[in-house]
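Topology and contacts: notes
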Amino acid sequence: MYFCAAMWKEFKPILYFIGRFFVVYIVLTALYSWYLQPYLYEYKIADPVTTWMTDVSVGLMNLVGFDAQHVQLEGEAYRRFILDGEFASRVNEGCNAISVMIIFVSFILAFAAGFKKTLLFLLGGLLIMLISNIIRIAMLTWIYRYWSEYSKVAHDILFPGIIYGTVIILWLVWVKYFAFKK
């Protein structure tokens, strides 16, 4: 009996972290899935978050001198990104990085370190991820339009590496400088 109590005491912080992570992850993923269902299966249009991300990416492309727009066609649960008069890419719900943001939030809340500090880091981290994702959508569209031979590598390796790399760096900063500081 003493052995079990000692093991529980030793592993309690790890089990507590894992439990908090999975509870937050499952709840946020379920809420996101519930949010997406009508757009994907009933309305068959892009959801408002994806539409907004596409809109901001189009604005960025227009800002730097391209002729960009996006359109929603009936029955398509994504936005068509038009660059310089030609179809360049599709932006669907997987492109909005909400799933990656859910993982980020789950990790940060699993290592919560006071309400204010945690909230500020979450908001700052989500803003960094949001900006990097908008740039990612714009750059991928540019690659699809003008460098299509590199589109698979860019979409499947380069940009996921950048997005997940950003998340890992944010996690490391959180753990090293915030989570365990008194």
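Residues numbered from 1 in each chain as written. Predicted model: local features only at pLDDT ≥ 70, side-chain atom pairs only at ≥ 80, totals over all residues. Heavy atoms only, no water.

1. Some points on the nonpolar core
Using the following cut-off: Here, nonpolar core refers to any group of buried Ala, Val, Leu, Ile, Met, Phe, Trp, Tyr and Cys residues whose side-chain atoms link them within 4.5 Å. Here's how the labels work: a residue is buried when its accessible area is under 20% of the maximum for its type, exposed when over 50%, partly exposed in between, all with a 1.4 Å probe on protein chains only. Secondary structure elements are taken from DSSP: a helix is a run of H or I of four residues or more, a strand is a run of E of two residues or more, and numbering for both begins at the N terminus. Residues count as neighbours in contact if any of their non-hydrogen atoms are within 4.5 Å of one another.
Among the nonpolar cores identified, the biggest contains 37 residues, and Phe81, Phe104, Phe107, Ile108, Met129 and Trp174 are the most heavily contacted of them. Contributing elements (two or more residues each) for this core: helix 1 (2-43), helix 2 (48-63), strand 2 (79-83), strand 3 (86-91), helix 3 (98-110), helix 4 (115-146) and helix 5 (151-179). The element best represented in this core is helix 3, accounting for nine residues. Those residues in contact with Met129, other than ones at most four positions away along the chain, are Val100, Met101, Phe104, Val167 and Leu170.

2. Comments concerning the sheet that holds strand 2
This is how the line gets drawn: Only strands that DSSP links by at least two bridges are regarded as paired with each other. Whenever a helix is involved, its axis is fitted only over the stretch in contact; in every case the axis is a line through C-alpha atoms, and angles between N-to-C directions fall within 0 to 180 degrees.
In spatial order, the strands read 1-2-3; together these three strands make up an open sheet with antiparallel pairing. With partners counted over all chains shown, the strands left at the sheet margins are strand 1 (68-71) and strand 3, one partner each. Each adjacent strand pair in this sheet contributes to an overall mean axis angle of 30 degrees, direction not counted. This element, helix 2, spans strand 1, strand 2 and strand 3 of the sheet and lies at about 160 degrees to strand 1.

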